[in-house]
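Observations on chain architecture
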Amino acid sequence: MHSVRHEILPASGVEFAACLKLTPSTLIASQSHASGRVLFNVVVARSSYLRIFEVREELAPISANKDDERERRASVRKGTEAVEGEVEMDASGEGFVNVGMVKSSANDDALIPPPVQRFYLVREHRLHGIVTGLEAVRIINSSEDGLDRLLVSFKDAKIALLEWSQDVEDLITVSIHTYERAPQLAAIDTPLHRAQLRTDPLSRCAALLLPKDSLAILPFYQSQVDLDVMEPDTQARETPYSPSFILDLAADVDERIRNVIDFVFLPGFNNPTIAVLFQRTQTWTGRLKEFKDTVGMFIFTLDVVTRNCPIITAVENLPYDSLYLTPCSSSLGGVVVTTANAIIHVDQTSRRVVLPVNGWANRISDTSNSSGNQSNNDERNLQLEGSSAVFVDDKSLFVILKEGVVYPVEIVADGRTVSQINIANPVAQTTVPTIIRRIPDDFVFIGSIVGPTVLLKANRVEEEVPEDVDMDAAPAAVVDQAKEMEMDYDDDIYGPMKTEDKETVNGDTNSAVAAKKTRTVVHLSLCDIIPAYGPISDITFAVTKNGDRPVPELVAATGSGSFGGFTLFQRDLPSRVKRKLHAIGGGRGMWSLPVRQAVKINGSTHERLSNPHRAENDAVIISTDANPSPGLSRIASRSAKTDIAITTRIPGTTIGAAPFFQGTAILHVMSNSIRVLEPDGTERQIIKDLDGNLPRPKIRYCSISDPFVLIIREDDSLGLFIGESERGKIRRKDMSPMGEKTSKYIAGCFYTDTSGVFQSKLNAAAEASEKNTTTTLQAAVAGNKTQWLILCRPQGVMEIWTLPKLTLIFSSTAVAMLESVLVDSGDPPALSLPQDPPRKPHELDIEQICIAMLGESNPKPYLLVFLRSGHFAIYEAVPSPSLSTETPPSTRAYTLLVKFVKVVSRAFDIQPHTEENEKSVLAEQKRISRLLIPFVTSPTPGKTFSGVFFTGDRPCWILGTDKGGVRIHPSGHSVVHAFTACSLWESKGDFLLYSEEGPSLLEWIPDINFENPLPSRTIPRQRVYSHVVYEPTSSLLVAASSLQSKFASYDDDGNIIWEPDASNISYPYCETSTLELISPENWVTMDGYEFAQNEFITCIECLPLETTSTESGMKEFIAVGTTVNRGEDLAVKGAVYIFEVAEVVPDPSMTPKRWYKLKLLCRDDAKGPVTALCGMDGYLVSSMGQKIFVRAFDLDERLVGVAFLDVGVYVTSLRAVKNLLVIGDAVKSVWFVAFQEDPYKLVVLAKDIEHVCITRADLFFANGRVCIMACDEEGVLRQYEYNPHDPESRDGQRLLCRTEFQGHTEYRTSYVIARRANGTGADIEIPQSKIVCGSTDGSLTSLTYVEEAASKRLHLLQGQLTRNVQHVAGLNPKAFRIVQNDRVARPLTKGILDGNLLSAFEDLPVTRQDEVTRQIGTERATVMKDWMALGGVW
């Protein structure tokens, strides 16, 4: 069998990060107020997912309450405002006032809020390698361009040096350095090694930790002097580095260095200086009497030329539980060693100062006794495992515990001699830390793999402290000017998903005290977050309702600790119908327009005054239908009863409509005329589209941008009109600069730029002839808006013309081929050659082109191109400053300082155009219009999205988000004929949409996150869930929450064996579970079941069992398997619980109408842990230690065993289909077993003889074939086949491993679903299966069956893409997926296709697609059809 592995969602969270100046935008000192100033870049990575952000400093947005206040003031009649000292009544006149508004200061508007810092995604990449480190470096070229370079290390011992290229506006690879053939990587325990990447503070070299205690050193040139020293024989080198070498620490530095724990570079030395933390003799808690303080820390300098490494500091006898190093600044010197129980500062003279943080430090180590600082530590009980530390200044350290609690640590020193270390009370709560980076200008970046990533700002404020205030909360030695952290413990840095700054400022209640000291207080404030949901513990599918429409929803138990909860994913963007609007029709188009009556003052027309801070609501809807022929158009508005009323009916089809003359009129384009309408729908002017007295071909497309109108007719001819605001009418515009009148155009649009990206430069040659001329049009183009005309000619040329003068400023022939970058070719206007017979449409013709703003807080212009073949591409408009050395083409008077960079490419499987029937009446009725319609919506106050809706038979939303970039989400409709954003009902989040169900008013489901490839919604629960299942009869979720409880061991008589004997010694903790019955409607926990404190849930299944309580004899029950932990000295036990979800009488005061309870029917104790469960033909299959039991549920009260089987060591997975059972074991791999009932018996059909740790195994079937898909703890996917006719199977006793695929991330939860049938597959009796898998790094993957013929083509394509496409960081996709297997001659790679690699085919330009497919003997369209047939999430 053949399948393809798609990565539906990339890994979630941040494991590695680098903060640097990577892109040229960080060097521009001052930028426009709209886009803000770029401070720096942040590059983050998790697994194979790399993202580049820029942090911008912007003006704070106007808060919602100020916006409401301005709106309220605007609605007050002049002369009736409240004066000073007078309280204004509310709108209804009841006399009730809002006291909070009364107290607000009148000068609020005058205060300028401090700027805010925000993340914006620049680029994202799914790499063909697992990232293990990110660092910023400066090379010899950095002194020229001022930019940093990015160094990335990978799991297979590779280092890639990347830099930003302005030509492609993306990362390019400078070099890649591989050490995978080094002898250190040939060790057996290499897969257990964790590579670490570090760089010297002055970028003189980088070091990668290899197995066997070795460092790979990569030196960099910093100047010409370095180049002369390192390479005296060569005059100049193209590469910015000298040859790397491997440093064996035991052989080249000191033989005592064994088992490296951590290493860092130290600042302030003439040569690169490394501190390495190692454990010479490994030990554990049971051997502390023999081996206690076994860790050492050596500091040595590295001469990259001679490769000498003299040791300058050697410290031994550090605690065995030392965790990591934090380098101190050069002014202080030394390093801080963090252990599980203490913080130790070690200086260069080997002197150490110790701060114990709990009572265990003195008991497990003699090091702690060397410190005289024992005051105030008797009560402190902290655990530093999983913590991270960062210096915020020379002597202030923030230690963030694994729960996210921030503790300030102060190092007290006289010069470079440290006297003591003090720790203060916790100052804040933030995210769970994985990596911390200190950024210049007092920023702190905290990345997390289990929750959101945050950017903090540390502000230093001088404050006065009264002498008589109790200073116990402060460090012990606080004197004048001593620095301390002060912040309320309750002040949550992360906060309840808010992004406004939180600063704690001490009140001035002690102002009466005279004698005061001063100290510098560090105020932490939250700048912004990068949301993440963290690892996926379990997944299940539930049925939810978007309005009245039931849809499947993937419920994932995600997160960890206080960031635990559920994340809900849907395939389509979730929306709900607010009302049906059948009266207005609109099957051929709908336009909702904001128009208002004009006011005449002294003979001139002015628009009625409105609130400038709030956009007007729509007032008119224009809709059009093809029936009855020749079409019908309607103009509708809201009546007093909030219902819709049709005011005007016009025969004919509307092509387009838009507000005109600053919103005081409607410009209405029909198939044969252009009309100007009054706001009430009456006609002001009509221009019939005639050529003399002869009618022209029908208008098929129009674009309206006040004051311009563009029309394109069915013969591809063009018409351009301009509005004269003084007369309130339109006229034809002279198009002579655009060439002859016979010019043909297949697509076009206007673009009004408000972002400032579209800038033009007057060329020197044209300056002499350019004169300052004023036209009446310049009054119409208000403010800083610029307008542009984009046209596409039949030969595939895109042209951009200036308005109003119609000067060609940009031309490109690469757009029809969807090239990666579009730049100005400098060509003159393209000619339209006469063709006889008339030219037929080509599949690569541009059907739709549009430039629209996409984004959230700061929208940017994007070019959207759709071809007749179904290819779709989105280009970002990027400022392209012209260089003084470049000579502009002679054909240009102006140069457009913009280029277009492709960011998204997609192929849609659309219905082909039928040439012969396109002109018939029936074809006109069935015609599907595919249009790109820009919109702006505000689903909630304070959040605005600019996007584009794509109508047709593949309708989708195209949205831009701050932290997710551009996303394409399907709308969930089979076809959408017309679309418009609509605020007629005074909601900025409404849409009018004509789908297969007719016209309706839609809105998005609230609180949806669009930043992931799937629309998602987060349900925070403040605790982590290990398992979740869906109970279909009640439509409820049953979930197991995982908590921590104190653990104590007891002897046989029930006496406690050990208990804490001091306040700073605590009980150990163990996992415990509770079972919760949750309603997915309002996420209320209806009922629960608590287990013993040392009992936790290992598996939950919702399965049908035999029962006498139903007519069918079967009923859904909840089966739970648990493990009872009894300490080290006693074997674990377990139990099986059977619950029923029973409906009970609801409390009338409760919100849900129906209420349910968990009813315990049976508890069956087991002698071993119950680690896996499943249902099979009405029986319960459960594991107990090394055995598998099949049991019947007798009389709804007890489990009766009917069969058992001795299997491996630890069963991790049980899956059944009919009477076939797949068993996954932690040691003995996969077993394939059958169950028979007469007599009851489990029969082993086949098993894998190799030792593999299986985490999940599933049956995968399609078209009458079946195989077993299994995943192991290293993330390797294996496909097993049961074939008794194959001689290698030994008469069917062995499972045959046919394919091995390196997924690199294990998954412990999977769900087998039926694949959606496409075309002929609808009548298959047994549908094809599809496996959806949730991984521990938060990624979501799927396995989809591939037909054999398509698989062969795609496998050949995969080889071509591997060899002929430039991959990010120079990585090898084939090597990334190969599994090392010494038992076979060649890797088993042919059964599973890599969806990530194949998706690169969509991103290629059309010419490259043709070239690649020609080399494998097939056609582009065939391969694209194969690929699109495999699409669809579920």
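Residues numbered from 1 in each chain as written. Predicted model: local features only at pLDDT ≥ 70, side-chain atom pairs only at ≥ 80, totals over all residues. Heavy atoms only, no water.

A word on the overall build of the protein
Scanning the protein from terminus to terminus reveals 14 helices and 94 strands. Contacts in the protein between residues far apart in sequence, at least 24 positions, make up 59% of those at least 6 positions apart. In the form shown here, the protein has an accessible surface area of approximately 63800 Å², with 50% of it arising from carbon and sulfur atoms. (Helix = DSSP H or I, 4+ residues; strand = E, 2+ residues; numbered from the N terminus. Contact = heavy atoms within 4.5 Å. Areas by Shrake-Rupley, 256 points an atom, 1.4 Å probe, with all protein chains shown as cover.)

Things to note about the packing of helix H9 (residues 1348–1364) against helix H13 (residues 1406–1415)
In contact at an axis separation of 9 Å, H9 and H13 are set at 120° when each is read in the N-to-C sense. Relative to H13, the element H9 is oriented oblique. Crossing geometry of H9 relative to H13 is assigned as right-handed. Between H9, through Leu1357, Gln1360 and Asn1364, and H13, the contact on the second element is made entirely by Arg1408, Val1412 and Gln1415. Split into classes, the residues belonging to the contact of H9 with H13 amount to two nonpolar, three polar and one charged. (Axes fitted to C-alpha atoms, helices over the stretch in contact; angles between N-to-C directions. Parallel < 35°, antiparallel > 145°, perpendicular 65-115°, else oblique. Left-handed = near helix turned anticlockwise from the far one by under 90°. Nonpolar A, V, L, I, M, F, W, Y, C, P; charged D, E, K, R; others polar.)

Here's the deal with the confidence of the model for the protein
Averaged over every residue, the pLDDT of the protein is 84; the share at 70 or more is 85%. Within the model, pLDDT remains below 50 along residues 768–783, and this stretch shows 14 contacts once partners closer than five positions in the same chain are excluded. (pLDDT = per-residue confidence, 0-100.)

Focus on the packing of H9 against helix H14 (residues 1420–1429)
Running from amino to carboxyl end, H9 crosses H14 at an angle of 110°, the nearest separation of the two axes being 10 Å. In terms of axis orientation, H9 runs roughly perpendicular to H14. Touching Ala1350, Arg1353, Leu1354 and Leu1357 of H9 are Thr1422, Val1423 and Asp1426, all from H14. The residue makeup of the contact of H9 with H14, split by class, is four nonpolar, one polar and two charged.

Brief notes about the nonpolar core
Grouped together as the largest cluster of nonpolar side chains are 49 residues, with contacts concentrated most on Phe758, Leu789, Met798, Ile800 and Phe900. Here this core takes five residues from strand E54 (residues 786–792), the largest share from any one element. Listed in part, the 23 residues of the second largest apolar core include Val357, Leu401, Val405 and Tyr407. (Core = buried A, V, L, I, M, F, W, Y, C linked by side-chain atoms within 4.5 Å. Buried < 20%, exposed > 50% of the residue type's maximum accessible area, 1.4 Å probe, protein only.)

Looking at the state of the cysteines
Under the defined criterion, the tally for this structure stands at zero disulfides. Not part of a disulfide, cysteine 1271 finds its nearest cysteine sulfur in cysteine 1333, a span of 7.6 Å. (Disulfide = S-S within 2.5 Å.)

Some details on the sheet that holds strand E42 (residues 654–660)
Taken in spatial order, the four strands make up an open sheet running E42-E43-E44-E45, and their pairing is antiparallel. Edge positions in the sheet fall to E42 and strand E45 (683–688), since each has one partner strand and no second. Neighbouring strand axes in the sheet, compared pairwise and without regard to direction, differ in orientation by 15° on average. (Pairing = 2+ DSSP bridges.)

Considering unusual backbone geometry
Omega for the bond connecting aspartate 706 with proline 707 falls within 30 degrees of zero, at 10°, which places this linkage in the cis form. Along the polypeptide, proline 707 turns up in the loop between strand E48 (699–705) and strand E49 (708–713). Across the junction of leucine 803 and proline 804, the peptide omega takes the value 5°, indicating a cis bond. With respect to the helices and strands, the residue proline 804 is situated in the loop between strand E55 (798–802) and strand E56 (808–812). Backbone geometry at arginine 307 places phi at a positive 65°, although glycine is not the residue there. Within the fold, arginine 307 resides in the loop between strand E16 (295–301) and strand E17 (311–318).

Brief notes about the packing of aromatic side chains
With the rule as written, the count across this model stands at 47 aromatic pairs. With a centroid separation of 5.5 Å and 85° between ring planes, the pair formed by phenylalanine 810 and phenylalanine 900 is classed as edge-to-face. Of the two residues, phenylalanine 810 is situated in strand E56 and phenylalanine 900 in strand E62 (residues 898–907); the sequence distance between them amounts to 90 residues. The exposure classification of phenylalanine 810 matches that of phenylalanine 900, with both residues buried. Ring plane angle 70° and centroid distance 5.4 Å describe the contact between tyrosine 1179 and phenylalanine 1235, whose orientation is recorded as edge-to-face. With tyrosine 1179 in strand E80 (residues 1179–1184) and phenylalanine 1235 in strand E85 (residues 1229–1237), the pair connects residues that are 56 residues apart, well separated along the chain. (Phe/Tyr/Trp six-rings, centres within 6.5 Å; stacked < 30°, edge-to-face > 60°.)

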